[in-house]
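Tertiary structure, described
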Amino acid sequence: MLTKIDHLGIAVSSIEQSLPYYEKVLGLKCEKIETVGSQQVKTAFITIGEVHIELLEPTSPESTIAKFIEKNGGRGGLHHVAYYTDDLEGQLKQAADNGATLLNEKPFDGANNKRVAFLHPKSTGGVLTEFCTDKK
Ligand code: ZN
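Positions within a chain are numbered from 1, following the residues in the order the chain's sequence is written. Totals for whole chains, interfaces and linings use every residue, but because this is a predicted model, local features are given only for residues with pLDDT of at least 70 and side-chain atom pairs only at 80 or more, for both listing and counting. The side-chain figures draw on all heavy atoms in the structure; neither hydrogens nor water molecules are used.

This paragraph deals with the side chain of Asn-112. A run of DSSP states H or I qualifies as a helix once it reaches four residues; a run of E qualifies as a strand once it reaches two. Both are numbered from the N-terminal end. With respect to the helices and strands, Asn-112 occurs in the loop between strand S6 (108-109) and strand S7 (114-119). For the exposure calls, accessible area comes from a 1.4 Å probe over protein chains only, and a residue counts as buried if that area is under 20% of its type's maximum, exposed if over 50%, partly exposed in between. Classification of Asn-112 by relative accessible area gives buried; the value is 16%. Here a polar contact is recorded for every N or O atom pair within 3.5 Å, except that within protein the pair must consist of a potential hydrogen donor and a potential acceptor, and residues adjacent in sequence are included only if both atoms are side-chain atoms. Here the side chain of Asn-112 touches Lys-32 through a polar contact of 3.1 Å, side chain to side chain.

Here we take up the packing of aromatic side chains. Note on aromatic pairs: the rings of Phe, Tyr and Trp (six-membered ring only in Trp) are paired at centre separations within 6.5 Å, and the planes decide the class, stacked below 30 degrees, edge-to-face beyond 60, tilted for the rest. In the structure shown here, the tally under the stated rule is two aromatic pairs. Arranged with centres 4.9 Å apart and planes meeting at 80°, the rings of Tyr-21 and Tyr-22 form a pair that is edge-to-face.

The next point concerns the coordination of the zinc ion. Excluding water, the donors of a metal are its N, O and S neighbours within 2.8 Å, or within 3.2 Å for Na, K and Ca, and that exclusion means sites may look incomplete. The protein atoms that coordinate the zinc ion are His-7 (NE2), Glu-54 (OE), His-80 (NE2) and Glu-130 (OE), at distances spanning 2.1 to 2.3 Å. Tetrahedral means four donors with every angle between 85 and 135 degrees, whereas square planar (four donors) and octahedral (six donors) require angles over 155 degrees between opposite donors and between 65 and 115 for all others; sites fitting neither are termed irregular. The site at the zinc ion holds four donor atoms, and with the angles between them running 86 to 164°, its shape is irregular. We note that the donor set of the zinc ion lies within a single chain, spaced as H-x46-E-x25-H-x49-E. Of this pair, His-80 sits in strand S5 (residues 77-85) while Glu-130 sits in strand S8 (residues 129-134), placing them 50 residues apart in sequence.

Right, let's get into the environment of Leu-28. Along the chain, Leu-28 falls in the loop between helix H1 (15-25) and strand S2 (29-36). Each C-alpha atom of the pair Leu-28 and His-79 lies 20 Å from the other, and the pair is 51 residues apart in sequence. Every residue pair with non-hydrogen atoms within 4.5 Å of one another is taken to be in contact. Setting aside residues no more than four positions away along its own chain, Leu-28 makes contact with Tyr-22, Glu-23, Ile-46, Thr-47 and Ile-48.

The next thing to look at is a nonpolar patch on the surface. In this analysis, a patch consists of residues with relative accessible area above 30% that form no salt bridge, clustered at 9 Å for like charges and at 5 Å for the nonpolar side chains Val, Leu, Ile, Met, Phe, Trp and Tyr. Exposure was quantified through the Shrake-Rupley algorithm and a 1.4 Å probe, taking into account, for residues, occlusion by the shown protein chains and nothing else. Whenever Lys or Arg places a side-chain nitrogen within 4 Å of a carboxyl oxygen from Asp or Glu, that contact is recorded as a salt bridge. A cluster of nonpolar side chains, contributed by Tyr-21, Val-25 and Leu-26, occupies part of the molecular surface with about 300 Å² of accessible area. With respect to the secondary-structure elements, Leu-26 resides in the loop between H1 and S2. You can call Leu-26 partly exposed: its relative accessible area is 42%.

Once that is clear, we can look at the pairing of S7. Most of S7 sits inside the fold, with five of its six residues counted as buried. Sheet topology places S6 next to S7; two bridges connect them, and they run antiparallel. Of the residues in S7, the one forming a bridge with Asp-109 is Arg-115. Here, a strand pair is defined by DSSP locating no fewer than two bridges between the strands. Counted between consecutive antiparallel strands, the loop separating S6 from S7 contains four residues, among which Asn-112 sits at a positive phi close to 60°. Pairing of S7 with S8, which is carried by six bridges, proceeds in the antiparallel orientation. Within S8, the position partnered with Ala-117 by the bridge is Phe-131.

Given below as structure tokens:
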């Protein structure tokens, strides 16, 4: 079962240049910055209530985030919605059994101590969808 929105992933060209918007204009706080080498991204986590904003900055031109920004006319923007589940494998099976296309058959290590897997946006109404759970 999905129990909450865990975070919204937002692609940015530069975390450093994006943070003043979140910290000064919105008055929120960046809790942590972490690089996820396997995904070629640097992430920043901003907390609001139980939800996080995950800023994603590409660390390589090959990064999917770099390609997303390029496709988006050089601007960042909303990249994915991440739902929290206690049963990641079960949630993936339910999605696949009901016609969703899995981008990842097997969950992998994401940022912020999570195991994550994605559903293809062509099967989710255009929104890249992440399921995540706490690393055991
Ligand atoms: Zn995410």
